[in-house]
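Descriptive analysis of the structure
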Amino acid sequence: MNNNKVIQVEGLTKMFGYFTAVNAITFDVEKGEIFGFLGANGAGKTTAMKMLIGISNPNSGKAKVAGFDVFTHAEDIKKNIGYMSQKFALYDDLTVKENITFFGGIYGLSRKRIKEKSAVLIEELELEKVANKLVGSLPLGWKQKLSFSVSLLHDPKIVFLDEPTGGVDPITRRQFWEMIYKAADQGTTVFVTTHYMDEAEYCDRVSIMVNGKIEALDTPKKLKEQFKAETMNDVFLKLARG
Amino acid sequence: MKRFIGFIKKEFYHIFRDRRSLFILFGMPIAQILLFGFAITNEINNVDIAILDHSKDATTKEIINKIASSKYFSIKQMVNREADIASVFKKGQVKAVLNFEKDFSKNLIKEHKATIQIITDATDPNTANTISNYVNAILQKYQKELNKDITMVYQIVPETRMVYNPELKSVYMFVPGVMTIILMLVSAMMTSISITREKELGTMEILLVSPLKPIQVIIGKVFPYIFLSIINAVIIVMLSIFIFKMPVQGSLFLLGLESILFIISALALGILISTISATQQTAMMISLMGLMLPVILLSGFIFPISSMPVPLQVISNIIPAKWFIIIIKGIMLKGVGLQFIWKETLILLGMTVFFMALSVKKYKIRLE
Amino acid sequence: MSISVTHISKSYKKVKALQDISFEVKPGELFGLIGPDGAGKTTLFRILTTLLIANEGSATVAGFDVVADYKKIRSSVGYMPGKFSLYQDLTVEENLNFFATIFGTTIEENYDLIKDIFVQIEPFKNRRAGKLSGGMKQKLALCCALIHKPKVLFLDEPTTGVDPVSRKEFWDMLKRLQQKDITILVSTPYMDEAALCDRIALIQHGKILEIDTPQSIVKHYPKQIYNVRANNMYQLITSLNDYEHHHSVYPFGEYVHYTDNRTDFNPKDLIQYLESNNLSEVEIAKTVATIEDTFMELAK
């Protein structure tokens, strides 16, 4: 196996009754890559992602995530990935520190390690003043950044982000992407599922799912050339309309 | 008017499409009545008792016979010494021991007074209480027979006649209580939940930004539940008449009117709850904690109000359920008419008007 | 004026949700309120739809005062709140019928207004609203908000959580509605939707940053923006941020938008600097500002 490929998917399929939610998708993601996984609501991207993070069993096909088979080693996958979604991020009624300690604990970090990590994290995000405040009282942008850092606490090989920056103000959003670039630069693979096409522009490569199939997969630049479009949004519109 | 009818139509769609709630709505009263009627009972049957008879004379024998022949008790064993009583209880074989004093018959005739000690296992206080009541009842009956033949009364018996429920059927006591709980729950909890659901969904915002008047929204919300609660009340009364053979002594019409009055007061409480809670969950918690518990604990349904500490007795007065229970017990068990319960009815009416006015006033035409 | 807002302020406990907001919307205009979550958009919508009362200032909608004449406003505006706010357990048709009845009208009466939109959801008219896709729900919600032929339409983040295809269709629908003399106030966190409005107000932290047409807002961007790219994005951003003459550095899709604080900036200097920082494949090209650039410059 090529060590640079942290996600390898071949012919992965998921059926619900007679409905094929994910139809034989095939793709690879390399180490340190920012991979955009795009599709409209109901195109099957959530189902596909659930299979990759080991919480849903595929019907057929092959998939290895972080070197582990999704059929046989789902538990090992979970230890090696981080996950952040806009809907579920952090506990609003716990403080910044308590959240970090809690999530560190979930991933089995030692108490000492959690202490070190949270000190570094709080300093990097400049959260010293609010470290003991409830997360619920922080502005949305801060929460997002904190939540991303928390998903990286256990140094996962891959981090899955579900629509990470929808609705965030433009400046915070850029700070967020800087954090993503940094993580990728340090070798973490970033897997972004979204239906916001402007988020797609930031990815190294993107795949676009339509009706359960991957209909396009390339760098944003090449996709735009291929579809003679100015933005990823136009690429998407052209693809979805067939 | 068309707007209003449209609103009510929509409410019924909600109710009938939510199968699970609908099942709870109608399954709950039936389940509760059956549960209280059959399982949770104050009645006793064939309770094992022991007897320690120091006199062994004609009178004690007769009394023992009476007790043994009643279906409530079966005499498990005879005890010979007082010292054995404790061990009998410890083995858990019997629930009570009857201890006849020495020279029972002689004392009764000479001193017109004889003593029998009823020792009960009070680890289960309800049963213990019931047992001693039943024994007392049997003794009194026997005394009456005794006194009938003799001109001189031997004993001044404290009058603790059991009236209105001479057979001591506990289901008779529970029906009014369960009915109160169900009506309270269906009316108050369901309305408060259905209003807060609109808040959660965001549809309340649209309703507010529409020409509907607050009173139209309130009545529209409340109306379907009046209807459902009445159906529930009918189901409960039917169950008690046909399954438990419990007759309704008084006027069914009056019972219906009083129930509607209580339902409306509960609905008003439901609206009040919805004005202070933002989510369905809070509404449910407040309904359960704020309404159900007082109804169960303080209304006199399970625990007699007269034996509560004074502060609780005072508090019990502000619980509409207390008055409703008095009213329906009166109608169902005693068969009294309005002339005997007008005071309670008036109190309930006053409370209803108060809650209604408060909830209309509290109902916000804006979001805060 | 269809909507006129003068010096509106609103606070919740500690938070100042809106601070001294003033703007006007002309009849028949499609006016956009552009800002991120928490900027105060929803609060402003609720004040204008009479759901909240402002602490200070006044506002009129369709000529009526939002406090004194709230009843008149309630029967003459259409409102689509941010959350999906229809009855999930009612079918498409039942929802529409319900909203028509409470506004004292019928579907037939105003059918031509909603026809364009309704034909798209008509095949599903017996389906429960909860089972519709995001785009369909949004179309149904719009139909419900339009059913009584409102003079002013308030749409609070109508396209949030909706895929690009449905978003595009939705904006096309708004353009058509505008031709039917309906004033539309729409809010969105997506800067790319700003260009579709006649005029926009950029809003953040409860304050309006600027009000103008989208074209002039971008035209007034004070600096020349350069698209910069290189082989490593993260190193590029850090190097640019370390560059002593940088004015702003924002990742922007596959590029970084860079502005310099010198008037006589020469891109060659920057290339040289970046290459000395071990970056290769460096490209620099002029580009035009977007609404997002303006927003960030103003919010800075």
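Fair warning: this is a prediction, and the values are worked out from it, not measured in the lab. (Residues numbered from 1 in each chain as written. Chains lettered and ligands numbered in written order. Predicted model: local features only at pLDDT ≥ 70, side-chain atom pairs only at ≥ 80, totals over all residues. Heavy atoms only, no water.)

Notes on the overall build of chain C
Applied cut-off: Starting at the N terminus, helices and strands are each numbered in turn, a helix being any DSSP run of H or I of at least four residues and a strand any DSSP run of E of at least two. The buried label applies to any residue whose accessible area, calculated with a 1.4 Å probe on protein chains only, is under 20% of its type's maximum; exposed applies above 50%, and partly exposed to all values in between. Residue exposure ignores everything except the shown protein chains as possible cover, and the areas themselves are Shrake-Rupley values with a 1.4 Å probe. By the counting rule applied here, Lys and Arg register as positive and Asp and Glu as negative, while His and the ends of each chain are not counted. Positions of charges follow a simple convention, taking NZ of Lys, CZ of Arg, CG of Asp or CD of Glu.
Across its full length, chain C holds ten helices and 14 strands. Along the three orthogonal principal directions, the C-alpha set of chain C runs to about 70 × 45 × 35 Å. Burial analysis of chain C (300 residues in total) assigns 57% to the buried set. When the accessible area of chain C is evaluated, it comes to approximately 12300 Å², of which 48% is carbon and sulfur surface. Of the side-chain charges in chain C, 34 are positive and 38 negative, and the distance between the mean point of each set is 6 Å.

Side note on the overall build of chain A
Short version of the rule: It is over C-alpha atoms that the radius of gyration is taken, and the globule rule equals 2.2 Å times the number of residues to the power 0.38. The contact rule is simple, with two residues in contact once any of their heavy atoms fall within 4.5 Å.
A count of helices and strands for chain A gives nine helices and ten strands. Here chain A has a C-alpha radius of gyration of 18 Å; the compact-globule value for 242 residues is 18 Å, and the two agree. Residues counted as buried form 55% of the 242 residues belonging to chain A. Looking at chain A alone, contacts between residues at least 24 apart form 68% of all its contacts between residues at least 6 apart. Of the roughly 11000 Å² of accessible surface on chain A, a fraction of 49% belongs to carbon and sulfur atoms. Charge centroids of chain A, computed over 32 positive and 30 negative side chains, lie 3 Å from each other.

Comments concerning the interface of chain B and chain C
Short version of the rule: The term buried area means the drop in 1.4 Å probe accessible area that two parts suffer when joined, counted for both and summed. The rule for a salt bridge is simple: a side-chain nitrogen of Lys or Arg has to be within 4 Å of a carboxyl oxygen of Asp or Glu.
Listed as interface residues are 26 residues of chain B and, on the opposing side, 34 residues of chain C. Where chain B abuts chain C, roughly 2800 Å² becomes buried across the two surfaces, and 62% of that area is made up of carbon and sulfur atoms. When the buried surface of chain B facing chain C is broken down by residue, R17(B), V209(B) and R366(B) rank first, second and third, together holding 26% of it. At the junction of chain B and chain C, the tally comes to two salt bridges.

So, the sheet that holds strand β14 (residues 283-287) of chain C
Residues and elements named next belong to chain C. Where we set the bar: For two strands to be treated as a pair, DSSP must find no fewer than two bridges joining them. For helices, the fitted line uses only the C-alpha atoms of the stretch in contact; every axis is such a line through C-alpha atoms, and the angle between N-to-C directions lies from 0 to 180 degrees.
Spatial ordering of the open sheet is given by β12-β13-β11-β14, a layout of four strands whose pairing is antiparallel. Two strands bound the open sheet, and with one partner strand each, they are β12 (246-252) and β14. For this sheet, the mean angle separating the axes of adjacent strands, direction not counted, is 30°. Summarising the sheet, strand β11 (residues 225-229) and β14 pair through five bridges and their orientation is antiparallel. Bridge pairing links I225 to T287 in β14. Where helix α10 (residues 291-299) meets the sheet, its contacts fall on β11, β12 and β13 (255-260), and the angle it forms with β12 comes to roughly 135°.

Considerations on a nonpolar patch on the surface
For clarity, the cut-off: Exposure above 30% relative accessible area and the absence of a salt bridge qualify a residue for a patch, where like charges join within 9 Å and nonpolar side chains (Val, Leu, Ile, Met, Phe, Trp, Tyr) within 5 Å.
Residues F38(B), I230(B), V234(B), M238(B), F242(B), I243(B), F253(B), L257(B) and I260(B) make up a contiguous nonpolar surface patch of roughly 890 Å² in combined accessible area. Its place among the elements puts F253(B) in helix α10 (residues 252-276).

A short note on the packing of helix α9 (residues 214-242) of chain B against α10(B)
Residues and elements named next belong to chain B. Where we set the bar: If an angle is under 35 degrees, it is roughly parallel; if it is over 145, roughly antiparallel; if it lies from 65 to 115, roughly perpendicular; otherwise it is oblique. Definitions for this section: a left-handed crossing has its near helix turned counterclockwise from the far helix by less than a right angle. A right-handed crossing has that turn clockwise. Residues are grouped as follows: nonpolar covers Ala, Val, Leu, Ile, Met, Phe, Trp, Tyr, Cys and Pro; charged covers Asp, Glu, Lys and Arg; every other residue, Gly included, is treated as polar.
Two elements in contact, α9 and α10, have axes whose closest approach is 9 Å; the angle formed by their N-to-C orientations is 140°. What the angle tells us is that α9 and α10 run oblique. Where α9 crosses over α10, the handedness of that crossing is right-handed. Packed against α9, whose contacting residues are I218, V222, Y225, I226, S229, I230 and V237, the element α10 presents L252, L255, I260, I263, I264, L267 and I271 at the interface. Looking at side-chain class alone, the contact of α9 with α10 contains 13 nonpolar, one polar and no charged residues.

Some details on the confidence of the model for chain C
The condition is simple: Per-residue confidence from the prediction method is given by pLDDT, with values spanning 0 to 100.
Per-residue pLDDT for chain C has a mean of 92; in total, 100% of the residues score no lower than 70. Two summary scores accompany this predicted model of the complex, namely pTM at 0.81 and ipTM at 0.85.

Comments concerning the domain arrangement of chain C
Residue and element names in this part refer to chain C. Formally: What counts as a domain boundary in this text is fixed by an automatic or database domain assignment. Two N or O atoms form a polar contact when they lie within 3.5 Å of each other; inside protein one atom must be a possible hydrogen donor and the other a possible acceptor, and for residues adjacent in sequence the pair counts only when both atoms belong to side chains.
Split by domain assignment, chain C resolves into domain 1 (3-213) and domain 2 (225-299). Each of domain 1 and domain 2 has a C-alpha centre, and the two are 38 Å apart. The interface of domain 1 with domain 2 comprises eleven residues on the first partner and five residues on the second. Summed over both sides, the interface between domain 1 and domain 2 buries roughly 680 Å², with carbon and sulfur atoms accounting for 85% of that surface. Among the residues of domain 1 in contact with domain 2, M191, L202 and L209 are the three that bury the most area, contributing 63% of the side total. Run the count over domain 1 and domain 2 and you get zero residue pairs in polar contact (both at pLDDT 80 or more). Counting only elements with at least two residues in the side of domain 1 that touches domain 2, the list comes to β9 (199-204) and β10 (207-212). Split into classes, the residues belonging to the side of domain 1 that touches domain 2 amount to eight nonpolar, two polar and one charged.

A closer look at the interface of chain A and chain C
Every contact between the two is made by 27 residues of chain A and, on the other side, 32 residues of chain C. For the chain A and chain C pair, buried surface summed over both sides reaches about 2600 Å², with 59% attributable to carbon and sulfur atoms. Taken together, the links from chain A to chain C amount to three salt bridges. Summed over the shared surface of chain A and chain C, the result is seven residue pairs in polar contact (both at pLDDT 80 or more). Put simply, the parts of the chain that give the side of chain A that touches chain C at least two residues each are α6 (170-185), α8 (220-226) and α9 (232-241) of chain A. The greatest single-element share of the side of chain A that touches chain C, amounting to eight residues, is contributed by α6(A). Its residues assigned to classes, the side of chain A that touches chain C comprises twelve nonpolar, five polar and ten charged.

Notes on the arrangement of the chains
The assembly contains two pairs of chains in contact; the pair sharing the most contacts is chains B and C. A gap remains between chain A and chain B, which never touch, and the nearest two C-alpha atoms on either side lie 17 Å apart.

Some remarks on helix α1 (residues 45-52) of chain A
Residue and element names in this part refer to chain A. The element α1 is extensively covered by neighbouring structure, given that six of its eight residues are classed as buried. Within the span of α1, buried status applies to K45, T47, A48, M49, M51 and L52. Following α1 by one or two positions, G54 adopts a phi angle in the positive range, close to 80°.

Quick look at the side chain of N110(C)
The topology assignment puts N110(C) in the loop between α3 (92-102) and α4 (111-121). Once residues lying within four places of it in the same chain are set aside, the contact partners of N110(C) are T105(C), I147(C), H148(C) and K149(C).

Details of the packing of aromatic side chains
Condition: Any pair of Phe, Tyr and Trp rings, taking the six-membered ring for Trp, is counted once the centres come within 6.5 Å. Such a pair is stacked with planes under 30 degrees apart, edge-to-face with planes over 60 apart, and tilted for the rest. For a lysine, the NZ atom is tested; for an arginine, the CZ atom; a charge sits over a ring if that atom is within 6 Å of the ring centre and within 35 degrees of the ring normal.
Across all of its chains, the model carries 29 aromatic pairs over all chains by this definition. On the numbers, 5.5 Å between centres and 80° between planes, the contact of Y87(C) with F98(C) is edge-to-face. Taken together, the positions of Y87(C) in the loop between β6 (77-80) and α3 and F98(C) in helix α3 put the pair eleven residues apart, joining distant regions of the chain. According to the relative accessible area criterion, F98(C) is buried, its value standing at 3%. Judged by centre distance (5.2 Å) and plane angle (70°), the ring pair of F98(C) and F99(C) falls under edge-to-face. You can call F99(C) buried: its relative accessible area is 1%. K322(B) extends its terminal NZ or CZ atom over the ring of W323(B), reaching a point 4.6 Å from the ring centre. Between R229(C) and the ring centre of Y255(C), over which it is positioned, the NZ or CZ distance is 5.5 Å.

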